Amino acid sequence: MVRHSKRVAKSVRPVRDAQVTQQQILDAAEYEFSRHGLNGARLSAIANRAKVTTATLHYYFESKESLYKAALQRPVDELQSIFGQLNFDGLSPEEALKQIIRIAIANEAQNPQRQMLWFQEASQNQGVYFKECNVLSLHEHLLKILEQGITEGYFRPLKPFLALTHILSICLFYFTVHENWKHLTPEINRLSPEIIEEHTEEAITFILAGIKRSHL
């Protein structure tokens with residue numbers, strides 16, 4: 001029995017190590033791609049940041065392009081996994097929208113470089129790789145909440161996809177301009193938990209004021 005458990009432990013460990021290594025590579029790739037885009041990022045810099053050899057990097061990802069695609073896809077998959085564990089159907093449209101806003105901002109606060117990753121994709125590739133990430137499946141959660149809120153009279157008549165664009169802009173542009181704005185007020189850490197919570201509450205208040213139906 002003891003020998004059998006040792007054999008199992010040995011067989012599981014390489015899988016666990018492979019998962020950790022793959023995530024380290026993706027973390028490093030996300031950092032480099034967010035600063036240099038697909039064209040400017042170097043595989044050697046990604047390997048150095050991930051503390052692996054370039055041979056190891058190629059073992060997990062065939063090319064720089066395949067690694068770039070995986071780096072773009074990971075944020076979508078992570079958020080989809082979070083949303084998949086929640087039951088928005090049991091909430092009012094207003095409460096469901098608040099949850100979406102909190103999740104979106106919290107996720108970006110943990111990964112503030114990701115907005116620059118999307119910006120680099122738009123700037124360098126005009127969204128060629130973005131369109132392969134199935135982002136619309138992620139936005140369906142918010143679109144459904146908006147449509148339900150309009151139908152049930154919680155929200156004023158809106159064009160849902162345009163409203164979605166405005167909501168995301170309010171929540172996420174904060175992180176796109178952070179690297180510039182931090183120089184205007186260097187004494188304030190705008191990525192601190194306290195300031196992020198302030199941004200979250202202000203975003204919720206601002207968005208609801210704009211989309212809720214007036215009952216006056």
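Residues numbered from 1 in each chain as written. Predicted model: local features only at pLDDT ≥ 70, side-chain atom pairs only at ≥ 80, totals over all residues. Heavy atoms only, no water.

- Labelled according to an unreviewed UniProt entry, the protein chain appears under the name TetR/AcrR family transcriptional regulator, originating from Nostoc flagelliforme FACHB-838.

1. Things to note about the packing of aromatic side chains
Working step 1: As enumerated under the stated definition, the model contains six aromatic pairs in all.
Working step 2: Centre to centre, the rings of Tyr-174 and Phe-175 are 5.2 Å apart; their planes meet at 65°, and the pair counts as edge-to-face.
Working step 3: Positioned over the ring face of Tyr-31 is Arg-35, at 3.8 Å from the centre of the ring.
Working step 4: One cation-aromatic arrangement involves Arg-49 over Tyr-31; the distance from NZ or CZ to the ring centre is 3.6 Å. (Phe/Tyr/Trp six-rings, centres within 6.5 Å; stacked < 30°, edge-to-face > 60°. Lys NZ or Arg CZ within 6 Å of the ring centre and 35° of its normal.)

2. Let's talk about the layout of surface pockets
Working step 1: Each pocket or cavity is described by its volume, and for the largest pocket that value is around 810 Å³.
Working step 2: Put simply, the parts of the chain that give the lining of the largest pocket at least two residues each are α4 (64-84), α5 (93-110), α6 (114-125), α7 (135-151) and α8 (160-176).
Working step 3: With 10 residues, α8 is the largest single contributor of residues to the lining of the largest pocket.
Working step 4: Residues that form the lining of the largest pocket fall into these classes: 22 nonpolar, nine polar and three charged.
Working step 5: When its volume is computed, the second largest pocket comes out at roughly 240 Å³.
Working step 6: Breaking the lining of the second largest pocket down by element, the ones donating at least two residues are α1 (2-40), α8 and α9 (178-181). (1 Å grid on protein atoms, 1.4 Å probe; cavity = no way out; pocket = protein on both sides within 12 Å on 5 of 7 lines; lining within 4 Å. Points joined across faces, edges and corners; volume = space filled by probe spheres on them. Helix = DSSP H or I, 4+ residues; strand = E, 2+ residues; numbered from the N terminus. Nonpolar A, V, L, I, M, F, W, Y, C, P; charged D, E, K, R; others polar.)

3. Quick notes on the nonpolar core
Working step 1: Of all hydrophobic cores here, the largest spans 54 residues; its most connected members are Phe-33, Ile-46, Leu-67, Leu-97, Ile-101 and Leu-146.
Working step 2: Leaving out residues up to four positions away in the same chain, Leu-67 has contacts with Ile-25, Leu-26, Ala-29, Phe-33, Leu-43, Ile-46, Leu-57 and Phe-61. (Core = buried A, V, L, I, M, F, W, Y, C linked by side-chain atoms within 4.5 Å. Buried < 20%, exposed > 50% of the residue type's maximum accessible area, 1.4 Å probe, protein only. Contact = heavy atoms within 4.5 Å.)

4. Regarding the side chain of Arg-114
Working step 1: Note on placement: Arg-114 falls in helix α6.
Working step 2: Under the relative-accessibility criterion, Arg-114 is labelled buried at 1%.
Working step 3: Excluding anything up to four places from it in sequence, Arg-114 contacts Glu-30, Arg-74, Pro-75, Glu-78, Asn-107 and Glu-108.

5. Points about the confidence of the model for the protein chain
Working step 1: Scored by pLDDT, the protein chain comes out at a mean of 91, with 92% of its residues at no less than 70.
Working step 2: When the criterion is pLDDT under 50, residues 1-14 qualifies, and its contacts beyond four places in sequence or with other chains add up to zero contacts. (pLDDT = per-residue confidence, 0-100.)

6. Considering the packing of α4 against α5
Working step 1: Viewed as axis vectors pointing N to C, α4 and α5 meet at an angle of 145°, and their least axial separation amounts to 12 Å. Regarding α4 and α5, the two cross each other, and that crossing is right-handed. For the pair formed by α4 and α5, the contact residues are Glu-78, Leu-79, Ile-82 and Phe-83 on the first element and Ile-100, Ile-103 and Asn-107 on the second.
Working step 2: Taken together, the residues that form the contact of α4 with α5 break down as five nonpolar, one polar and one charged. (Axes fitted to C-alpha atoms, helices over the stretch in contact; angles between N-to-C directions. Left-handed = near helix turned anticlockwise from the far one by under 90°.)

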